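What the coordinates show
Now for the letters of each chain:
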Amino acid sequence: MLAWRDCRRNKRNSGSALAFEAHLERNLCDLYDELLAGTYRPGRSICFVITRPKPREVWAAEFRDRIVHHLLYARIAPRFHASFSVESCACIPGRGTLYGAQRLESHIRSATENWGRPAHYLKLDLANFFVSIDKTILAGLLDTKVHEPFWRELAHTILFHDPRTNFELRGRADLQARVPTHKRLANAPAHCGLPIGNLSSQFFANVYLNALDQFVKHQVGARHYVRYVDDFVLVHTSPQWLNAARERIEAFVIERLAVRVNPTKTILQPVERGVDFVGHVIKPWRRTTRLRTLQAALHRLERQPAEEVFATGNSLLGLVRQAGASHREQAVVARALLRRGHSIKGDLSKIYRRRT
């Protein structure tokens with residue numbers, strides 16, 4: 001029941017949630033019986049393509065399977081969260097993009113002694129991360145903390161389920177063709193790849209990369225390090241030290257995790273030029289919203305139906321306010337909303353509905 005309530009939060013009006021709740025007691029009892037008997041098997045998934053920020057596949061499990069994901073997460077996640085590094089963000093309560101940006105800004109201020117001396121940053125990205133995750137390695141990492149037979153078996157059932165064997169493809173064919181071949185789950189080996197879009201996949205990804213966090217912090221000795229999913233940044237006063245750290249990290253992820261660093265997205269440069277991370281750009285004495293993110297949001301705002309502008313406008317104002325130096329961005333958003341006929345609160349914190 002608790003897992004169902006967590007799963008339906010913000011999804012109450014979706015078709016799958018309404019269909020499940022049409023016979024709620026019966027469906028929950030059947031799911032409960034299957035779990036106790038050990039006969040539970042994940043059902044059919046839905047595969048579709050999103051285009052922002054770039055084309056990629058998303059796999060959505062059935063609503064009953066998402067309840068099981070929440071059930072497993074609620075049971076085993078706290079023991080893993082207790083051992084995660086404080087530098088790990090994403091899919092951890094209280095550690096979203098704002099936490100990651102503030103954490104990195106704090107590290108940069110510490111390394112530069114509050115912008116008083118030069119420093120460099122090294123930004124790395126793992127190539128095709130979710131498609132490249134080795135499930136056998138991940139199962140071993142899960143087993144180190146999940147000792148109960150029932151929960152271990154359930155974790156393995158979810159982990160080793162291959163959604164490619166039973167799924168429904170939705171969306172236009174031209175969108176499917178825009179996803180690069182090497183980023184498609186269908187082209188991954190049988191023992192590799194997690195479906196993007198499930199709560200379980202996000203949690204498993206953090207478990208997988210916790211080994212990287214511990215290596216960077218305790219073996220490489222990086223004092224200033226932050227990771228958000230598969231993007232991570234190291235800050236140091238010496239670019240030579242960062243290059244040496246990069247070589248050790250590249251060797252470690254290949255040997256221990258069977259993934260590779262993407263050389264085309266590796267950046268090493270002075271922090272004074274600005275560090276682009278989790279939608280924020282950190283520069284001396286200020287942190288702003290990434291220009292590309294702001295421009296894409298404004299482009300969408302100008303073309304939205306009138307009935308959707310109120311929710312989108314308030315959401316966008318909340319987004320830009322997360323940046324420390326956000327007044328200019330708030331003013332830009334406010335002007336766009338004024339052109340759509342909405343009134344703005346004096347402190348640029350929210351908008352008001354239009355009178356009919």
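Scroll up for the structure.
These numbers come from a predicted model, not from an experiment.

Some words on the packing of aromatic side chains
A full pass over the atoms with the stated rule returns ten aromatic pairs. Ring plane angle 5 degrees and centroid distance 4.2 Å describe the contact between Phe215 and Phe252, whose orientation is recorded as stacked. Residue Phe215 is found in helix 10 (residues 199-220), and its partner Phe252 is found in helix 11 (residues 239-257); the two are separated by 37 residues along the sequence. Look at Phe215 and you get buried, because its relative accessible area is 13%. A relative accessible area of 16% places Phe252 in the buried class. An aromatic cluster is built from Tyr73, Phe80, Phe203 and Phe204, whose rings are joined through pairwise contacts.

Some details on helix 12 (residues 291-303)
Given a rise of 1.5 Å per residue, 13 residues ought to cover 18 Å, and the 19 Å separating the end C-alpha atoms of helix 12 matches this to within 8%. The set of residues buried in helix 12 consists of Leu294, Ala297, Leu298 and Leu301. Viewed along the axis of helix 12, the buried residues span an arc of 100 degrees, placing them on a single side of the element. Of the residues in helix 12, the exposed ones pointing more than 90 degrees away from the buried face are Arg292 and Arg303.

With respect to the packing of helix 12 against helix 14 (residues 327-339)
Here helix 12 crosses helix 14 at 10 degrees, and the two axes come no closer than 10 Å. Considered as vectors, helix 12 and helix 14 are oriented roughly parallel to each other. When helix 12 is examined against helix 14, the residues Leu294, Leu298, Leu301 and Glu302 are found in contact with a partner set consisting of Glu329, Val332, Val333, Ala336, Leu337 and Arg339. For the contact of helix 12 with helix 14, the residue count by class is seven nonpolar, no polar and three charged.

Some thoughts on the sheet that holds strand 8 (residues 267-270)
The five strands are arranged 3-6-7-4-8 in an open sheet whose pairing can be described as mixed. Here the strands that pair on one side only, and so sit at the sheet edges, are strand 3 (88-89) and strand 8. Summarising the sheet, strand 6 (residues 225-228) and strand 7 (residues 231-236) pair through four bridges and their orientation is antiparallel. If you follow Arg227 over to strand 7, its bridge partner there is Phe232. Packed on one face of the sheet, helix 10 meets strand 3, strand 6 and strand 7 and runs near 170 degrees to strand 6. Helix 11 rests against strand 4 (120-125), strand 7 and strand 8 of the sheet, and its axis sits at about 145 degrees to strand 7.

Describing the side chain of His280
Along the chain, His280 falls in strand 10 (residues 280-283). A polar side-chain atom of His280 sits 3.2 Å from a polar atom in the side chain of Arg287.

Quick look at unusual backbone geometry
Backbone geometry places Ala90, a non-glycine residue, at a positive phi of 85 degrees. Within the secondary structure, Ala90 is located in the loop between strand 3 and helix 5 (97-111). Although it is not a glycine, Ala258 adopts a positive phi angle of roughly 60 degrees. Note on placement: Ala258 falls in the loop between helix 11 and strand 8. Ala258 gets classed as partly exposed once you look at its relative accessible area, which sits at 40%.

Conventions used here
Residues numbered from 1 in each chain as written. Predicted model: local features only at pLDDT ≥ 70, side-chain atom pairs only at ≥ 80, totals over all residues. Heavy atoms only, no water. Phe/Tyr/Trp six-rings, centres within 6.5 Å; stacked < 30°, edge-to-face > 60°. Helix = DSSP H or I, 4+ residues; strand = E, 2+ residues; numbered from the N terminus. Buried < 20%, exposed > 50% of the residue type's maximum accessible area, 1.4 Å probe, protein only. Expected span 1.5 Å × (residues − 1). Arc of directions from axis to C-beta. Axes fitted to C-alpha atoms, helices over the stretch in contact; angles between N-to-C directions. Parallel < 35°, antiparallel > 145°, perpendicular 65-115°, else oblique. Contact = heavy atoms within 4.5 Å. Nonpolar A, V, L, I, M, F, W, Y, C, P; charged D, E, K, R; others polar. Pairing = 2+ DSSP bridges. Polar contact = N/O pair within 3.5 Å; in protein donor to acceptor, adjacent residues only side chain to side chain.

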